[in-house]
Amino acid sequence: MGLARSFQNLLLVLALSSAAASGEASRRFWVENDTFWKDGAPFQIVGGDVHYFRIVPEYWKDRLLRAKALGLNTIQTYVPWNLHEPEPRSWEFKGFTGIESYLRLAHELDMLVMLRVGPYICGEWDLGGFPPWLLTIEPAIELRSSDSTYLSLVDRWWGVLLPKVEPLLYSNGGPIIMVQIENEFGSFGDDKNYLHYLVEVARRYLGNDIMLYTTDGGAIDNLKNGTIPQDDVFAAVDFDTGSNPWPIFRLQKKYNLPGKSAPLSSEFYTGWLTHWGESIATTDASSTAKALKRILCHNGSAVLYVCHLSLFISAFHLHFLSIILFLNEICIQMAHGGTNFGFYNGANTGQNESDYKADLTSYDYDAPIKEYGDVHNAKYKALRRIIHECTGIPLRSLPPEIERASYGLVKLQKVASLFDVIDNISDPLKVAFSEQPLSMELMGQMFGFLLYVSEYQEKHSSSILSIPKVHDRAQVFVSCSHGVLRNPRYVGKIERWSSKTLQIPNLSCSSNVSLYILVENMGRVNYGPYIFDQKGILSSVEIDGIILHHWKMHPVSLTAPGNLSKLQPIIQMTDAQASEVSIYGDSENKLHDVSFYLNEGISEEPAFYEGHFHIDSEFEKKDTFISFRGWNKGVAFVNNFNIGRFWPVKY
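Calculation rules
- Residues numbered from 1 in each chain as written.
- Predicted model: local features only at pLDDT ≥ 70, side-chain atom pairs only at ≥ 80, totals over all residues.
- Heavy atoms only, no water.
- UniProt positions renumbered as here; feature names shortened; annotations may be inferred.
- 1 Å grid on protein atoms, 1.4 Å probe; cavity = no way out; pocket = protein on both sides within 12 Å on 5 of 7 lines; lining within 4 Å.
- Points joined across faces, edges and corners; volume = space filled by probe spheres on them.
- Helix = DSSP H or I, 4+ residues; strand = E, 2+ residues; numbered from the N terminus.
- Nonpolar A, V, L, I, M, F, W, Y, C, P; charged D, E, K, R; others polar.
- Domains from an automatic or database assignment.
- Pairing = 2+ DSSP bridges.
- Polar contact = N/O pair within 3.5 Å; in protein donor to acceptor, adjacent residues only side chain to side chain.
- Disulfide = S-S within 2.5 Å.
- Buried < 20%, exposed > 50% of the residue type's maximum accessible area, 1.4 Å probe, protein only.
- Phe/Tyr/Trp six-rings, centres within 6.5 Å; stacked < 30°, edge-to-face > 60°.
- Axes fitted to C-alpha atoms, helices over the stretch in contact; angles between N-to-C directions.
- Contact = heavy atoms within 4.5 Å.

- Per an unreviewed UniProt entry, the chain carries the name Beta-galactosidase and comes from Oryza meyeriana var. granulata.
- Of the comments in the UniProt record for the chain, the one headed Catalytic activity (unreviewed entry) reads "Hydrolysis of terminal non-reducing beta-D-galactose residues in beta-D-galactosides."
- If you open the UniProt record of the chain and go to Sequence similarities (unreviewed entry), you find "Belongs to the glycosyl hydrolase 35 family."

## Observations regarding the layout of surface pockets
And then number 1: In this model, the largest pocket occupies a volume close to 1,200 Å³.
And then number 2: What lines the largest pocket is a set of 36 residues, and nearest its centre among them are Pro86, Phe343, Tyr344, Phe447 and Thr559.
And then number 3: Going through the elements one at a time, helix H3 (81-84), strand S29 (551-556) and strand S34 (641-646) are the ones with two or more residues in the lining of the largest pocket.
And then number 4: Of the residues assigned to the lining of the largest pocket, the class counts are 19 nonpolar, 11 polar and six charged.
And then number 5: Here the lining of the largest pocket spans two domains, and each of domain 1 (40-311 + 333-391) and domain 2 (416-577 + 602-650) adds at least three residues to it.

## Here we look at the sheet that holds strand S27 (residues 542-543)
And then number 1: Taken in spatial order, the four strands line up as S24-S20-S27-S28 in an open sheet, and their pairing is antiparallel. Either end of the sheet is taken by a strand with one partner, and the two such strands are strand S24 (501-504) and strand S28 (546-547).
And then number 2: Of the pairings in the sheet, the one linking strand S20 (residues 463-466) to S27 comprises two bridges and is antiparallel in character. The partner of Ser466 across the bridge, within S27, is Glu542.

## Here's the deal with the side chain of Arg116
And then number 1: On the secondary structure map, Arg116 appears in strand S6 (residues 112-116).
And then number 2: In this structure the side chain of Arg116 is engaged in a polar contact, spanning 3.0 Å, whose partner is the side chain of Asn183.

## Thoughts on the state of the cysteines
And then number 1: Taken as a whole, this structure holds two disulfides when the rule is applied.
And then number 2: For Cys480, the disulfide goes to Cys509, at an S-S distance of 2.0 Å. Across the S-S bond linking Cys480 and Cys509, the dihedral sits near -85°, which makes this disulfide left-handed. One end of the pair, Cys480, is in strand S22 (residues 473-480); the other, Cys509, is in the loop between S24 and strand S25 (513-520), and 29 residues separate them in sequence.
And then number 3: Regarding the disulfides, the chain carries the connectivity 1-2, 3-4 under sequence-order numbering of its bonded cysteines.

## Remarks on unusual backbone geometry
And then number 1: In this chain, Glu138 is followed by Pro139 through a cis amide linkage whose omega measures -10°.
And then number 2: Phi at Asp232 takes a positive value of approximately 55°, unusual for a residue other than glycine.
And then number 3: With respect to the secondary-structure elements, Asp232 resides in the loop between helix H7 (220-226) and strand S9 (234-239).
And then number 4: The partly exposed category is assigned to Asp232, whose relative accessible area is 39%.
And then number 5: Although it is not a glycine, Asn640 sits at a positive phi angle of roughly 65°.

## Some details on the packing of aromatic side chains
Each aromatic ring pair is described using two quantities: the centre-to-centre distance and the angle formed by the ring planes.
And then number 1: If you walk through the whole model with that rule in mind, you get 40 aromatic pairs.
And then number 2: Aromatic pair Tyr609 and Trp631: ring centres 5.7 Å apart, planes at 85°, arrangement edge-to-face. On the criterion of sequence distance, the pair formed by Tyr609 in strand S31 (residues 607-614) and Trp631 in the loop between strand S32 (624-627) and strand S33 (634-638) is long-range, its members being 22 residues apart. When sorted by exposure, Tyr609 lands in the same class as Trp631, which is buried.

## Thoughts on empty space enclosed by the protein
And then number 1: Roughly 70 Å³ of volume is contained in the second largest cavity.
And then number 2: Of the residues in the lining of the second largest cavity, the class split is three nonpolar, two polar and four charged.

## Side note on the sheet that holds strand S3 (residues 41-43)
And then number 1: The sheet built from three strands is open, its strands ordered S1-S2-S3 with antiparallel pairing. In this open sheet, the two edge strands, each paired with only one partner strand, are strand S1 (29-32) and S3. With strand direction ignored, the average angle separating the axes of adjacent strands in the sheet is 45°.
And then number 2: Where strand S2 (residues 35-38) meets S3, three bridges bridge the pair, whose relative direction is antiparallel. When the sheet's bridge partners are listed, Phe36 is paired in S3 with Phe43.

## A closer look at the UniProt feature "active site" (unreviewed entry) in the chain
And then number 1: When the UniProt feature table is mapped onto this chain numbering, "active site" (unreviewed entry) sits at Glu184 and Glu267. These annotated residues cover 84 residues of sequence, and their C-alpha atoms all fall within 10.6 Å of one another, placing them together at a single site.
And then number 2: You can see Glu184 is positioned in the loop between strand S7 (176-180) and helix H6 (192-206).
And then number 3: According to the relative accessible area criterion, Glu184 is buried, its value standing at 12%.
And then number 4: Apart from residues no more than four positions distant in its own chain, Glu184 is found in contact with Arg144, Thr215, Asp216, Asp238, Glu267, Tyr269 and Tyr527.
And then number 5: With respect to the helices, strands and loops of the structure, Glu267 is situated in strand S10 (residues 264-269).
And then number 6: At 3.3 Å, the side chain of Glu267 and the side chain of Tyr78 are in polar contact.

## So, the environment of Gly259
And then number 1: For Gly259, the position within the fold is in the loop between helix H8 (245-253) and S10.
And then number 2: According to the relative accessible area criterion, Gly259 is partly exposed, its value standing at 26%.
And then number 3: Separated by 224 residues in the primary sequence, Gly259 and Thr35 have C-alpha atoms spaced 8.0 Å apart.
And then number 4: Not counting chain neighbours up to four residues away, the residues in contact with Gly259 comprise Val31, Glu32, Asn33 and Asp34.

Printed below as a string of structure tokens:
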């Protein structure tokens, strides 16, 4: 009896396995008769970009549910190479980099995925997603080309990434219906051999069933240079809300194989990016909805590629809150944008590489799902209504609001001057000496700051400092060379985008003058011809026309700023020497009711400030914002987590 029952159970298991295999085999996504098809039925893609690396993992599900409630059936995301291989052959796939977990979560929520694996992604992300260590290779490699060294590194990267992706393809039971090759290559070059090679590698790991696609701007030259229909790669287009979509879709059809040109805007811009110093970019909700209606109500497909100055802090980074500020300044396309945490924001250039504009920490993008998750706004409501009207996708109930709380003012005290602790925060193994300044990348300092130190002989009058090429922002200090370094004198800044000379006053030193140049990497260029964007001092440095030699370079490590207070370089400060920031639950209201200030007692040098407050219970742990009104420029850390840069004086 027991054997019979076991045999029956075994037959049942085999039957279920066979049925499951048969069910998976029927899963298919393809394009035919200029229409997308899924499992034998026509399918309209209603998608939106939601980037896993711009959201704390604890809120991935929340943001995806808000995207689904908008009416989206598909999520599109980039895969930034620099996050996953921060050092050669050092792979990261956990936490913010846990792409497999993110894709499985999308699948659990019954959402499809369009995956943009690069290797170049743009995305307003540092170096367009390329790891900065690529810039250290000699001879210099040519990015986004058929350069053999570059291709071998892409092959190695995809050899790690794509096997992780393959089990999650739609035909294998996962959510991924399309995989993008490169990104907007037609706006950059016309190296078809490069694109063909990427297709070959992708097919090697992903097979022939997955639909590969390219994305290019909806103009003839872009599509001519960036598409490869002969490789059976689908050509999608992108354009803004002011464009008439259907002439562009007709042009798209010329760059796809016959019958394989379902109209798809894979980047339908619901907002736009913002650079430091610019007015926050916004787009009108009504006009955005009307533009989307022109696509969806005529059976086209679209992916929504969808700035707030207060920095948003997730509740998952609160509880015992330690705020460390490094104050280094002394004076749709998104459905959901998110945040450029840490130093990963990108930058753009104009006519030349000196016309440099770095992106904000915020990547709110004026998307329908705001940076902090808000969906009670005109744009979200208008797009949700249009999606329902055009597609018939049922209106789902909205996820509950995320509670926010105000925690008031936090007093910050100076715990260290940069010059007091430079030897403690610079890895002695990475401090270097050189006749000429070295780039940050050659120093192994891929992000943040690098301090350059040299000496020169003082004249009786003032001197002129010239740095022909600095990327991106240099603060200059001087002191007499003898004695202990304390509070060197600040003399000004030299910026990539402005004047390259600086007058240095006479210090009347009995010895040489020590010159300190603190250079900030404000984000590598992510788009255009100048993406090979090394950082630091990239030229000789001259005083009154004489080239300075004998440089000492200190990488400024900001990996664990919370340890600085243990050094106790500052004995104790009075209340008059402290300054404050405000922790507010509302991103827009009440800020005008409170004054924020940086007190006059603060030293005129780069320094670290620290403050603490306690949240007593889980019940009180809520999302919040931190305001730096009255501060100048710096970087904020919460419990050693790098929230990003702040620069309110720019506004």
